[in-house]
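# Working through the structure, step by step
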Amino acid sequence: MSTLPTKLVLNCRAEYVQGKLRVKYAVANQGSDDYYVLDTIPTYDPETHEPRIDPAMAYLCATGEGALLLRGIPPMPEADVKTRIMPLAAKLPANQTLERQFDLEPPLRERNPYYGPVKDEDCEQLKVRTLLLVVQAIRSTVREFVAEPAPLGPNLFRVRSKNTVGDVETLRCSMNIVSTPLLKRRDRFVRIK
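Residues numbered from 1 in each chain as written. Predicted model: local features only at pLDDT ≥ 70, side-chain atom pairs only at ≥ 80, totals over all residues. Heavy atoms only, no water.

Our focus in this paragraph is the overall build of the chain. What the chain contains, in helices and strands, is one helix and 14 strands. Whereas a compact globule of 193 residues would reach a radius of gyration of roughly 16 Å, the chain reaches 17 Å, a difference of no more than 12%. Summarising its shape, the C-alpha atoms of the chain cover approximately 45 × 35 × 30 Å along the three principal directions. The 193 residues of the chain split such that 45% are buried. Once local pairs closer than 6 in sequence are excluded, the contacts in the chain between residues at least 24 apart make up 76%. A total of about 10500 Å² of accessible surface is found on the chain, and carbon and sulfur atoms cover 47% of it. Separation of charge centres in the chain, based on 28 positive and 24 negative side chains, amounts to 3 Å. (Helix = DSSP H or I, 4+ residues; strand = E, 2+ residues; numbered from the N terminus. Rg over C-alpha atoms; globule rule 2.2 N^0.38 Å. Buried < 20%, exposed > 50% of the residue type's maximum accessible area, 1.4 Å probe, protein only. Contact = heavy atoms within 4.5 Å. Areas by Shrake-Rupley, 256 points an atom, 1.4 Å probe, with all protein chains shown as cover. Lys, Arg positive; Asp, Glu negative; His and termini not counted. Charge placed at Lys NZ, Arg CZ, Asp CG, Glu CD.)

Another point: unusual backbone geometry. Keep in mind that most residues, glycine aside, have a negative phi and that most peptide bonds are trans. Going from Pro 106 to Pro 107, the amide bond is cis rather than trans, its omega being 0°. If you trace the backbone, Pro 107 turns up in the loop between β9 (97–104) and β10 (108–109). Residues other than glycine seldom take positive phi values, yet Asn 95 does so here, at roughly 60°. One can find Asn 95 in the loop between β8 (88–92) and β9. Given the relative accessible area of 61%, Asn 95 is considered exposed. A positive phi angle, close to 55°, is found at Asn 155, a residue other than glycine. In this structure, Asn 155 sits in the loop between β12 (146–149) and β13 (157–160).

A few words on the sheet that holds strand β2 (residues 20–29). A sheet is described by the order of its strands in space; here three strands give the open sequence β1-β2-β9, paired in antiparallel fashion. Where the open sheet ends on each side, the last strands, each with one partner, are β1 (8–17) and β9. Across the sheet, the mean angle from the axis of one strand to that of its neighbour is 15°, orientation sign disregarded. (Pairing = 2+ DSSP bridges. Axes fitted to C-alpha atoms, helices over the stretch in contact; angles between N-to-C directions.)

Here we take up the confidence of the model for the chain. The predicted model of the chain averages 93 in pLDDT, with 97% of residues at 70 or higher. Within the chain, the lowest mean pLDDT, 86, falls on strand β4 (residues 42–44), and the highest, 98, falls on β2. (pLDDT = per-residue confidence, 0-100.)

Position of Arg 185 relative to the elements: it lies in strand β14 (residues 168–185). By relative accessible area, which is 6% here, Arg 185 ends up buried. For Arg 185, the contacting residues outside a window of four places in its chain are Glu 110, Tyr 115, Gly 116, Pro 117, Val 118, Asp 122, Cys 123 and Arg 191.

Throughout the structure, instances matching the rule amount to one disulfide. Here Cys 12 pairs with Cys 173 through a disulfide, and the sulfurs are 2.0 Å apart. Taking the torsion about the sulfur-sulfur bond, which here is approximately -95°, the covalent link between Cys 12 and Cys 173 counts as left-handed. Taken together, the residues Cys 12 in strand β1 and Cys 173 in strand β14 connect sequence positions 161 residues apart. Judged by relative accessible area, Cys 173 falls into the buried class, the value being 12%. Left without a disulfide partner, Cys 61 is nearest to the cysteine sulfur of Cys 123, which lies 13 Å away. Classification of Cys 61 as buried rests on a relative accessible area of 0%. Taking the relative accessible area as the measure of exposure, Cys 123 reaches 9% and is therefore buried. (Disulfide = S-S within 2.5 Å.)

A separate point is the pattern of salt bridges. Considering all chains together, one arrives at 11 salt bridges under this definition. Across the pair Glu 78 and Arg 188 runs a salt bridge, and its minimum N-O distance is 2.2 Å. Note that Glu 78 is positioned in the loop between β7 (66–71) and β8 and Arg 188 in the segment after β14, a separation of 110 residues in sequence. Each of the two residues, Glu 78 as well as Arg 188, counts as exposed. (Salt bridge = Lys/Arg side-chain N within 4 Å of Asp/Glu carboxyl O.)

Written out as structure tokens, the structure is:
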């Protein structure tokens, strides 16, 4: 991860709306460089197999009494993987703010785009009262930075740099939530500490 001081500020909140946990967050760029917020993991339509954007797609894992929701580069599984899954990025110019909102259906489920779904009976049910939102971004001025428009929507880019994973800056925002069920996988699921 980058050791430069970030010029980004993350604000977040969560509330229940019509039985779903609505997560809202805003990333403010208070610096002079453009950033790219890595918060959109492409997925596929289960029927047509066409690529699409699911605003709620993110890595989620249990963390003691709470849950961690990562809008960024998902951790790789222990199994041999040929290609790293990289999120698409939204450009965040200097002195601008990027706002996002999505809903999570309870019970929350541990998930990672590298893993397929598991049955409810293959999970341990927990109750969580905190949600740690982690959002990742990359500065446009890092070494050998490239941003290419992605075909899945406006202001979405494929980004890379000389050391993409190492150049990522990580923001955190903790939210207290109403006690919410979370299904913790029993398989060899990789969890972020």
